[in-house]
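Listed below are the residues making up each chain.
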Amino acid sequence: MTTALEPSPFATQLRHWRTQRRVSQLDLAIRADTSQRYLSFLEQGRSRPGRTMVVRLAESLELSLRERNGLLLAAGFAPVFPESDMDTAELGPVRDALVRILDGHLPYPAVVVRPYGILLAANAAFDVLTEGVAPELLAPPVNVLRLALHPEGLARRVVNLPEWGRHVTESMRGKAMRSPDPQLDDFIAELEGYLPESNPGPDHLGFAVPLRLRSEDGELRLITTITSFATAVDITLSELHLEAFLPADEQTADILRRHAERRNHSDTD
């Protein structure tokens, strides 16, 4: 008579993440510099890994720092990646650096965002995006994703809302598929509920399209770039990203420059 081993929390999580990343045992073993046989024993709960191996497997699976801590806990080890408060003195240099980056991006809008779209900081040109939105959407904590797609927010001024809005939610769906999160799934469903139906024509090339935004000075065409702290070893920093809006044509650049000049002139009066 044989008794089946009950998979440990670590074994269950390791198998889950490997399946989620669509990586074979052999591929993961090669990435983590171990053997497929040993990896199989880990997933069956027949072997217990050391902390170094857990970290190596987490890195090989490209887990976030928060997810790496979770895998360490499942294996019985203490987390190794701290999660700091942005208001602490230790992160003062980071806050100063973010302000400099945001100001350096002027006269174009830029924001620093926490997970789930929570706004941490924005530069002065952010007012180009918040013009005419409902006051309740600007009450802290501001959620820039809800602000963008809510009917009382930026959406009312977006010329290509069906296409651009789907670009936003599809990007979020990609993240949810990579790192499943019921809270994120619910939020995506909320945002998709704000969007009109999209009927792409035969020339449709995907949802990676510029944001076309009506303004008093004419239509703005904006493209976005997203920057993250790729080398961060603090969970808080690793989960931040800076989203910068850039003009897609000279007309947009000119409108944003003139908008900044008027704002600066108003500030000095």
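As a starting point, this report considers the structure included with it. (Residues numbered from 1 in each chain as written. Predicted model: local features only at pLDDT ≥ 70, side-chain atom pairs only at ≥ 80, totals over all residues. Heavy atoms only, no water.)

### A few points about the nonpolar core
The condition is simple: Here the nonpolar core consists of buried residues drawn from Ala, Val, Leu, Ile, Met, Phe, Trp, Tyr and Cys, with membership extended through side-chain atoms lying within 4.5 Å. Only protein chains enter the calculation, and the probe is 1.4 Å; a residue is then buried if its accessible area is under 20% of its type maximum, exposed if over 50%, and partly exposed in between. A run of H or I in DSSP counts as a helix once it spans at least four residues, and a run of E counts as a strand once it spans at least two, with each numbered from the N terminus. Any pair of residues with heavy atoms lying within 4.5 Å of one another is described as a contacting pair.
Of all hydrophobic cores here, the largest spans 35 residues; its most connected members are Leu149, Leu154, Trp164 and Leu211. Breaking this core down by element, the ones donating at least two residues are strand S1 (110–113), helix H7 (127–130), helix H8 (144–149), helix H9 (161–178), helix H10 (182–194), strand S3 (211–213), strand S4 (220–228) and helix H12 (250–268). The element best represented in this core is H9, accounting for 5 residues. If near-sequence neighbours (up to four positions away) are discounted, Leu211 is found in contact with Leu154, Val158, Asn160, Trp164, Leu220, Arg221, Leu222 and Phe245. Counting residues in each nonpolar core, the second largest holds 20 residues, with Phe10, Ala32, Leu42 and Ala75 among its members.

### Description of the sheet that holds S3
What counts is decided by this rule: The pairing criterion for strands is at least two bridges between them, as found by DSSP. Fitted lines through C-alpha atoms serve as axes, helices being fitted only where they are in contact, and the angles separating the N-to-C directions of these axes extend from 0 to 180 degrees.
Spatially, 5 strands are ordered S2-S1-S5-S4-S3 in an open sheet, and the strand pairing comes out antiparallel. Pairing within the sheet leaves two strands with one partner each, and these edge strands are strand S2 (119–122) and S3. Taking each pair of neighbouring strands and ignoring which way they run, the sheet shows an average axis angle of 30°. Looking at chain direction, S1 and strand S5 (residues 241–247) are connected through 4 bridges and run antiparallel. Bridge pairing in S5 places Val111 opposite Glu243.

In short, geometric facts, not functional conclusions.
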